[in-house]
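# Summary of the model geometry
Letter by letter, the chains look like this.
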Amino acid sequence: MTPGLERAKARVDELRAQIAHHDHRYHVLDAPEISDADYDKLFQELVKLEREHPELVTADSPTQKVGGAPSQLFAPVRHSQRLLSLDNVFDDESLDDWWGRVVKGLGREPALVCEPKIDGLSVAVVYEKGRLTRGATRGDGAVGEDVTQNVATLRTLPHRLAAKGKELPTWLEVRGEVFLFKKDFADINAKLDEAGKATFSNPRNAAAGALRQKDAGITRERPLAIYLHGLVRSDGVGFKRYSEALLYLSSIGLPVHPLSATVEGLDAVKAFVRDMRDKRHTLDHEIDGVVIKVDEIGAQEELGSTAKAPRWAVAYKLPPEQATTTLRDIQVSIGRSGVATPFAMLEPVFVGGVTIQTATLHNEDEVARKGVLIGDTVIVQRAGDVIPEVVGPVVERRTGAERPFVMPSACPVCASELVRHPGESARRCENLECPAQTWGRIVHFASRGAMDIEHLGEVTSRELIDLGLVKDPGDIFDLDAEKIGRLPNFKAKSIQNLLAAIDGARSRPLDKLLVALGIRHVGVTAAQALASHFGSIGAIAAASVEELTQTEGMGETIARSVHEYFRRPATAELLEKLRQGGVALDVVKQKATGHLSGMTFVITGTLESMSREKAQEALEERGGKVTSSVSKKTSYVIVGAEPGSKYDKAQKLGVPILDEAGFLMLLEG
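Here's what I pulled together on the structure shown here.

Calculation notes
Residues numbered from 1 in each chain as written. Predicted model: local features only at pLDDT ≥ 70, side-chain atom pairs only at ≥ 80, totals over all residues. Heavy atoms only, no water. Core = buried A, V, L, I, M, F, W, Y, C linked by side-chain atoms within 4.5 Å. Buried < 20%, exposed > 50% of the residue type's maximum accessible area, 1.4 Å probe, protein only. Contact = heavy atoms within 4.5 Å. Axes fitted to C-alpha atoms, helices over the stretch in contact; angles between N-to-C directions. Helix = DSSP H or I, 4+ residues; strand = E, 2+ residues; numbered from the N terminus. Left-handed = near helix turned anticlockwise from the far one by under 90°. Nonpolar A, V, L, I, M, F, W, Y, C, P; charged D, E, K, R; others polar. Pairing = 2+ DSSP bridges. Polar contact = N/O pair within 3.5 Å; in protein donor to acceptor, adjacent residues only side chain to side chain. Phe/Tyr/Trp six-rings, centres within 6.5 Å; stacked < 30°, edge-to-face > 60°.

### Structural notes on the nonpolar core
Within the largest apolar cluster, 50 residues are counted, with the highest numbers of intra-cluster contacts made by Ile453, Phe477, Leu514, Leu517, Phe566 and Leu578. Beyond its immediate chain neighbours, meaning those up to four positions away, Leu514 contacts Ile519, Ala527, Leu530, Ala531, Ile537, Ile540 and Phe566. Counting residues in each nonpolar core, the second largest holds 38 residues, with Val125, Leu154, Leu249 and Ile297 among its members.

Here it is, written out as C-alpha cells:
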C-alpha cells in the first residue's frame, strides 16, 4: 500500500467512525452533537475519498447504508420495500451533474416534481383496506421502529381513508415527514422555559423526541403534523406518475405538501429552488432544501438506485441555518439606551447563507440559562435577517479547559458603573454621555422608521462623532457643507445629498420625531397615539403621568417612561437644539379621512403587490386604522400568502376575511 493510500485509508476509517457516532446520536438517541451542515461536510469528504480510492469502499461504509440502526425501545418493523435516503447537492453545478446523469440514463429529459424538504423525522405509514394499521420510523431503511400508537395521535393523519367513490388499495404504504409548525415549537419551548426545563434547540429534535415516546399520551400532547411525500407500495391501484399519486393521496384525505409542483426542465427546477429559498422564512414550518424527483414512475424504475439512494431523485440542500463552532470569548456591547448586552465572539462559521463571527447572548441571565462557557463548542442559529444567536453548548465536546463568563461591573466603553435595577434582566450604563450610547442614539434617530435621514448610517455617524462634529442628534441640524466636507470620501455630490436629507427631516411629523428620540417603551403605535392626543412636544412634555395614561392604549409603564424622559435636563437641551436647528417639533400628521374611516384592519401573511408597510399606508391614507391583533371589533382581516394565527382567530371570531384581490378592490372603493 502506497503512503498516499495509507493516509487516505486512515482518514476514511476516522470519518466512518465519526459518522457512525453521529448517526447513532441523530437517528437513535435524537440528541445530535453537530449541525446538519457539519455532518454533511464529514459525509462529503468521505464520498470524495471513496470516489478517489474505490478500493477502499466497503459494504458497511456509511455511504452504502441508510440511516441508523433502530432503537431497542420499540419493536422492530420490516418495511415492505427498502426506504432509501437521498443524495444531496449543494449548488447549481452539482444539480447540473445529477441532471446530466438522468438525461443520459433515459435518453431524454423527463418531467420533474419539486417538493419542499421538511426538516423532520421520516416515517412509513401503512393502511390496509383503508384503515391505519402501522407507523414506523425509517431506521436503517430495511427495519424501522414500530411507533404506530404515536403516529395514530397525529391530528392531520386520518385513521380511515375517505374513499369518496374511489377504489382504495388493499395495502397502501406511504412515506412522510413528521414535524412541528414553528408556532407550536415556540409554544412548547415557552412552556418548558417557564417550567425551568431544558428547551429544544430546533423543531426537528422536538418532533423526534415526541414521536419516540413510549407513552403515546405524551406524544398526543405535542401538536405533531405530517406531510406525505413518497409512495412505497400500492396494491390494487396503480399510477403512471408520481404527481398523479400525490393527487390521489390528497383526494382520499392524506396530507401532502401544498407547494409540491410538477415542472419541466432544469431552469424551472432552479427557479423553484430560488423561490423556496426566498420563501423559507415566511413558511410556517422549517425546510432545509428542495427534493427533486423524476415524475414518471416507469422512468424511476428504469434509472434504478444505488445501495443507498435512488438515481431518480436528489435533495438540493439550502444554506444551513444552524452550525457548530467555537465560542472564543464573550464580550459586552452598550446600546443607545445604555443596556449592556453580552455577545459571543465566534470562530467564523458559514450559516444561514453568510459567514458570522458574532452572535447575541441577550443578557447575563440568558448566558446562565443556556449554560454556555467560554471555549465551548456551541450551536449557532441564524434564520433570515434575524441577528445570529447562540442556541446552546454541545456539552459532550467539553475538554475541561472551558471557563464561565463573568458580567463586568463597569461599562467597557466609558468605565461607568453598570447598574441592574430590581425586576430587570439587563444591566445599564447610566452615563448619558457614554460614546457608545451617543452613537446608538444618532444611528437610531436617523434610521428609516424615525427621522429617515438618508446617507446618515452607522459609518457616517461614527465618523461625525470621531471628528467631534456631532455629540447628540441635535447637532445633526447644525451641520453645513464645510463640516460635512471633512468626512472621508465626501465630495460635492455626497455633501449635497446629505444636506438635502437633513433638510427633509426638519419637517417630519411629530410621531416620527417621538420614535427618533428613543424614549423607552415608545414604539410606532405609542408615538402615533401621543402625537394625535397631545398635538405638540410641549404638551407631551408638560403632561403628568395621569394625563399621559388618558392617551388611547397608553398604560402606566409607558406613561411613566415618557414622563421621566421629559423631566431630564438633557432632554430639554436636546429639544432646544432641535428647535434652533429648524426642526418642526409640533407637526402632527393629519388624520386622513376617506371611505375607510372608522374601520379597523389586521394584515397577516405576505402580499404580492406591496409590502405590509405600504398596505398599512394605503389603508391609513383612506382613513382606516391598522392594528396588530384580531378582535370582534376588527372590520376586516387581510390575508396574504402563508398567513399566521391571526387568520385562524379571524375565522374563530367570524371576522370578515379579504384575500389580496379583495383588498385591492376595497382600496379602490
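### Examining the packing of helix 3 (residues 92-106) against helix 9 (residues 266-279)
Running from amino to carboxyl end, helix 3 crosses helix 9 at an angle of 145 degrees, the nearest separation of the two axes being 11 Å. Considering the relative orientation of helix 3 and helix 9, their crossing is right-handed. Packed against helix 3, whose contacting residues are Asp92, Leu95, Asp96 and Trp99, the element helix 9 presents Leu266, Val269 and Lys270 at the interface. When its residues are assigned to classes, the contact of helix 3 with helix 9 shows four nonpolar, no polar and three charged.

### Digging into the sheet that holds strand 3 (residues 112-118)
Strand order in the open sheet formed by five strands is 2-11-10-3-9, and the pairing between neighbours is mixed. Every interior strand has two partners, whereas the edge strands, strand 2 (88-89) and strand 9 (261-263), have only one. Together, strand 3, strand 9 and strand 10 (287-294) form the strand contacts of helix 8 (residues 242-251), whose direction differs from that of strand 3 by roughly 55 degrees. Helix 9 rests against strand 3, strand 9, strand 10 and strand 11 (313-317) of the sheet, and its axis sits at about 20 degrees to strand 3.

### Remarks on the side chain of His257
Topologically, His257 is positioned in the loop between helix 8 and strand 9. The class for His257 is buried, based on a relative accessible area of 7%. A polar contact is formed between the side chain of His257 and the backbone nitrogen of Leu259, at a distance of 3.1 Å. The contacts of His257, once residues within four sequence positions are left out, are Pro116, Ile118, Tyr227, Leu228 and His285.

### Concerning the packing of aromatic side chains
On inspection of all chains with the given rule, the structure shows seven aromatic pairs. Between Phe239 and Tyr248 the ring centres are 5.2 Å apart and the planes differ by 55 degrees, which places this aromatic pair in the tilted class. Since its relative accessible area comes to 10%, Tyr248 is described here as buried. For the pair Phe601 and Tyr636, a centre-to-centre distance of 6.1 Å together with 15 degrees between the ring planes defines the contact as stacked. In this pair, Phe601 is assigned in strand 19 (residues 600-604) and Tyr636 in strand 21 (residues 636-639), connecting sequence segments 35 residues apart. Residue Phe601 is classed as buried on the basis of its relative accessible area, which comes to 0%. Here the aromatic cluster, defined as three or more aromatic residues joined through ring pairs, consists of Phe179, Phe181 and Tyr227.

Limitation: the analysis is restricted to geometry and does not speak to function.
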